[in-house]
Amino acid sequence: MKVLALGAHPDDIEIFMFGTLAAYATQGAELTFAVATDGARGGMGDPSVLARVRRDEAAAAAALLGATLRFLDFPDGELVADAALIASLKALIRETAADLVITHAPNDYHADHRALSDGVRIAASFGVPVLHADTMGGTGFAPTHYVDMSAYGDIKTQAIRAHQSQWPEQYVDRARVQNEFRAGQCNSVPGSLAEAFRFEPTFPFADIRALLPPAPPVRPVTPQTKIIGDPG
């Protein structure tokens, strides 16, 4: 199994899909992390210095899963789904021979995320299925699939914290709340974590559940009732 994870910025993969990628790594999948922009506008100070720092941070996070890291190096904040981006994505998909591509949802909050999502959809065509990760805060997102990442919460936190230039605790907290909520939607036991995704079937990819790590286990709904007064 070869999985290509595509994020617009150096910490996006870690925030939106790292738990699922950790599950893939446990299964022995070959992982490629690709970052579309240089991340140079993700903070104050010299953009060229920040871009180098963020590249190092992304490398540290990718190393946690033994993933190959690629940078497309488009300018941060200026990503558009034009011929240059689509050509770069087509080449990357071809080189990695990915069985599955995971990227941002087309309605995510950041313009770079939306542009990358559009570019991936066009570049993938009918050659590889594309799975969309949850949006920030789950806003406007209707999941079709969930992945149990309860065993990978700590390593996801470690990966997010690798991005020290981004004040990572805000994203650690956001991700934890969202992953707990998504697990709760599946009636998982308290303390469980899940990441949510959406798949839009396109020929010839109608159903990709077999390509995904396990979903949260199904638990029956068993309402508990309390007897009031004397049962006799």
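In this report, we go over the structure that sits alongside the text.

A few points about the overall build of the chain
For step 1, the next point in the chain: A count of helical and extended segments in the chain gives 6 helices and 7 strands.
For step 2, the next point in the chain: The linear arrangement of helices and strands in the chain, starting from the amino end, is β-α-β-α-β-α-β-α-β-β-α-α-β.
For step 3, the next point in the chain: For 232 residues, the compact-globule estimate of 2.2 N^0.38 gives 17 Å, and the C-alpha radius of gyration of the chain, at 19 Å, lies within 12% of that figure.
For step 4, the next point in the chain: Judged by the C-alpha coordinates and their principal axes, the chain covers about 75 × 45 × 30 Å.
For step 5, the next point in the chain: Of all 232 residues assigned to the chain, the portion counted as buried reaches 50%.
For step 6, the next point in the chain: For the chain, the separation between the mean place of its 19 positive charges and that of its 27 negative charges on side chains is 3 Å.

Here we look at the pairing of strand β7 (residues 194-198)
For step 1, the next point in the chain: Burial of β7 is extensive: 4 of the 5 residues sit out of reach of the surface.
For step 2, the next point in the chain: As paired strands, strand β5 (residues 130-133) and β7 are joined by 2 bridges and run antiparallel to one another. Looking across to β7, one finds that A133 is bridged to F197.
For step 3, the next point in the chain: Relative to β7, strand β6 (residues 145-148) runs antiparallel, the two being bridged by 4 bridges. Residue pairing for β7: V147 is matched across the bridge by E195.

So, unusual backbone geometry
For step 1, the next point in the chain: A cis geometry characterises the amide bond from F203 onward to P204, with omega recorded as 5°.
For step 2, the next point in the chain: By the element assignment, P204 lies in the segment after β7.
For step 3, the next point in the chain: Of note, W167 is a non-glycine position whose phi angle comes to about 50°, a positive value.
For step 4, the next point in the chain: Exposure remark for W167: the relative accessible area of 71% places this residue in the exposed category.

Some details on the packing of helix α3 (residues 83-96) against helix α4 (residues 111-124)
Working note: a packed helix pair is described by the angle between its axes plus the distance between those axes.
For step 1, the next point in the chain: Two elements in contact, α3 and α4, have axes separated by 9 Å at closest approach and are oriented at 55°. By the angle class used here, α3 and α4 are oblique. The handedness of the crossing between α3 and α4 comes out as right-handed. In this structure, α3 uses L85, I86, L89, K90 and I93 to contact α4, whose residues at the interface are A115, L116, G119, V120, I122, A123 and A124.
For step 2, the next point in the chain: A per-class count over the contact of α3 with α4 returns 10 nonpolar, 1 polar and 1 charged.

Points about the environment of D46
For step 1, the next point in the chain: Tracing the sequence through the fold places D46 in the loop between β2 (30-37) and α2 (47-63).
For step 2, the next point in the chain: Along the primary structure D46 and F199 are separated by 153 residues, whereas in three dimensions their C-alpha atoms are 39 Å apart.
For step 3, the next point in the chain: A polar contact of 2.7 Å, which involves the side chain of D46, links it to the side chain of S48.

Cut-off values and rules
- Residues numbered from 1 in each chain as written.
- Predicted model: local features only at pLDDT ≥ 70, side-chain atom pairs only at ≥ 80, totals over all residues.
- Heavy atoms only, no water.
- Helix = DSSP H or I, 4+ residues; strand = E, 2+ residues; numbered from the N terminus.
- Rg over C-alpha atoms; globule rule 2.2 N^0.38 Å.
- Buried < 20%, exposed > 50% of the residue type's maximum accessible area, 1.4 Å probe, protein only.
- Lys, Arg positive; Asp, Glu negative; His and termini not counted.
- Charge placed at Lys NZ, Arg CZ, Asp CG, Glu CD.
- Pairing = 2+ DSSP bridges.
- Axes fitted to C-alpha atoms, helices over the stretch in contact; angles between N-to-C directions.
- Parallel < 35°, antiparallel > 145°, perpendicular 65-115°, else oblique.
- Left-handed = near helix turned anticlockwise from the far one by under 90°.
- Contact = heavy atoms within 4.5 Å.
- Nonpolar A, V, L, I, M, F, W, Y, C, P; charged D, E, K, R; others polar.
- Polar contact = N/O pair within 3.5 Å; in protein donor to acceptor, adjacent residues only side chain to side chain.

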